Amino acid sequence: METSATEILGLNIQELTDLIGQLGEPAYRAQQLFHAIYRQRISSLDELTTFPKSLRAAMTEQGITLSAPKIDKKFISTDGTIRYLIAFPDGQSVETVWMPEGDGGEAGDGTDAGDEEAGGPGEVGAPSVAQPQVGSQNKNVAQQQVGNEKRKTWSRATICVSSQVGCAVNCKFCMTALLGLKRNLTAGEIVGQIAAILNDHNVDLEKERINIVFMGQGEPFNNYDAFIKAVRLLVDGVGFPQSRMTVSTSGIVPRIYDLGQEPVRPKLAISLNASNDEERTKLIPINKKWDIASLVDAARAFPLRNRERLTFEYVLLDNENDSPDNAREVVQIIRALGDKADSAKVNLIAWNSGPEIPFSTPSDSRVHAFQKILMDAGVPAFIRRPRGRDIYAACGQLKRTESVTRSLL
Ligand code: SF4
């Protein structure tokens, strides 16, 4: 075989079988390799103990590598959320967020977590902007949450994953947009991010309930092939049920149709964020290309599984898109879904502030008034609990901010 470098993190069973065949090894070795990379979550060829040393040496000689992404830094919130900076061999990095107990809006676990939160303790309290905290409370949480975790303080958790380094969509309320798009992640880098976080928490997926949300840096549907390959590897290899994953799109309409045709796929969340085209085009410029009517058409055509919900995300910006009229327009959008309206729900997110972003967080009363209009009209609406605002880990805040709090690494 050729001696050019071959990265095996991200290869599926067929590709590994081909590779093993080229090495002159029997096919069962490909199964062992697949199991070791994804189920055991090894991070280097040295950990491949089911292979004889001589075979590992031959692989290295042939330029076969396993380059798992590394945790570069981690920032711990007072609420237990951890923002990770994950570094890749080429020097690029992304952020991945660990949210113990979820944020009430992921709806990726088959039980509709958002429902559990409505009116409950997870409902948004005072959505004021938390200040960076490096005090003793922070440290205590850190001691409970990181390292080898002698004592796990969570019963379930959600991992928010990035799909690109930066993002080209340019939503006006999002700090990631300020990075621009640096590059797409490979399927291996997407899976590797998740494996690094699972390993950091010694997660046993057979016993512990972890949700995945593709809502970190980047627009997953602008990196569709790598995203969907990663999903298949997470299901077939790592061992995540597809019902515990949710992907959020800013509205790349053709890919919504594509996702609907996938035999294995996450649940769908659409970031609506505005109630009419004029406002949406201002906030999310791609609305010029795919307007609200085309989004509604795609959502209406999206085939849902038994008991599956279709989520619309709505970031509330003070005095921008959060008026009672806006809420009434959202009701009309949901009603335009026809049969699908009964399966739809709206997650409301009071905007999480960031430097250089010219919006404000609405008051509790405005957020609740907006929610009430939707609920009174029969549209299920849930207020997502902000997680990790103090460490810039919350929705729309992922921009490699390092100045806010000390890192633990
Ligand atoms: S909200 Fe999502 S799609 Fe929009 S700029 Fe930020 S990362 Fe990109």
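So, about the overall build of the protein. Broken down by element type, the protein carries twelve helices and 14 strands. Counting only residues that meet the buried cut, the protein has 57% of its 409 residues in that class. For the protein, the share of sequence-separated contacts (at least 6 apart) that also reach a separation of at least 24 residues comes to 73%.

Further remarks concern the confidence of the model for the protein. Per-residue confidence for the protein gives a mean pLDDT of 86, with 83% of residues at or over 70. The low-confidence segment residues 106-149 (pLDDT under 50) makes 107 contacts with residues lying over four places distant or belonging to another chain. Per-residue pLDDT stays below 50 along residues 403-408; that stretch engages in 21 contacts with residues further than four places along the chain or on separate chains.

Read from one edge of the open sheet, ten strands run β3-β4-β5-β6-β9-β10-β11-β12-β13-β14, paired in mixed fashion. Each of the sheet's edge strands pairs with one partner strand only, and the pair in question is β3 (70-76) and β14 (381-383). Across the sheet, the mean angle from the axis of one strand to that of its neighbour is 25°, orientation sign disregarded. Taken strand by strand, helix α7 (residues 224-238) contacts β9 (209-214) and β10 (245-249), and its axis lies near 170° from that of β10.

Bringing the site of the ligand into the picture now. Around the ligand lies a shell formed by Cys-167, Val-169, Asn-170, Cys-171, Cys-174, Thr-176, Ala-177, Gly-218 and Ser-250. Tallied by class, the residues present in the shell around the ligand amount to five nonpolar, four polar and no charged.

Bringing the packing of aromatic side chains into the picture now. This model, assessed by the stated rule, comprises eight aromatic pairs. Judged by centre distance (5.1 Å) and plane angle (35°), the ring pair of Tyr-314 and Phe-370 falls under tilted. Here Tyr-314 is found in strand β12 (residues 310-316), whereas its partner Phe-370 is found in helix α12 (residues 364-376), with 56 residues between them in sequence. For the pair shown, Tyr-314 and Phe-370 are each scored as buried. In textbook terms, an aromatic cluster arises when at least three aromatic residues are bridged by ring pairs, as seen for Phe-214, Phe-221, Tyr-224 and Phe-227.

Take the side chain of Ser-250 next. Along the chain, the position of Ser-250 falls in the loop between β10 and α8 (253-260). Overall, Ser-250 belongs to the buried group, its relative accessible area being 9%. One polar contact links Ser-250 to Glu-219, side chain to side chain, over a distance of 2.6 Å. In this structure, Ser-250 is in contact with Val-169, Glu-219, Ser-271, Arg-280, Ile-284 and Ile-286, ignoring residues within four places of it in sequence.

A positive phi angle, close to 65°, is found at Asn-273, a residue other than glycine. By secondary structure assignment, the location of Asn-273 is in the loop between β11 (267-271) and α9 (277-283). Not every positive phi belongs to a glycine, and Asn-319 is a case in point at roughly 60°. By the secondary structure assignment, Asn-319 is in the loop between β12 and α11 (324-335).

Cut-offs used in this document
- Residues numbered from 1 in each chain as written.
- Predicted model: local features only at pLDDT ≥ 70, side-chain atom pairs only at ≥ 80, totals over all residues.
- Heavy atoms only, no water.
- Helix = DSSP H or I, 4+ residues; strand = E, 2+ residues; numbered from the N terminus.
- Buried < 20%, exposed > 50% of the residue type's maximum accessible area, 1.4 Å probe, protein only.
- Contact = heavy atoms within 4.5 Å.
- pLDDT = per-residue confidence, 0-100.
- Pairing = 2+ DSSP bridges.
- Axes fitted to C-alpha atoms, helices over the stretch in contact; angles between N-to-C directions.
- Near = heavy atom within 4 Å.
- Nonpolar A, V, L, I, M, F, W, Y, C, P; charged D, E, K, R; others polar.
- Phe/Tyr/Trp six-rings, centres within 6.5 Å; stacked < 30°, edge-to-face > 60°.
- Polar contact = N/O pair within 3.5 Å; in protein donor to acceptor, adjacent residues only side chain to side chain.

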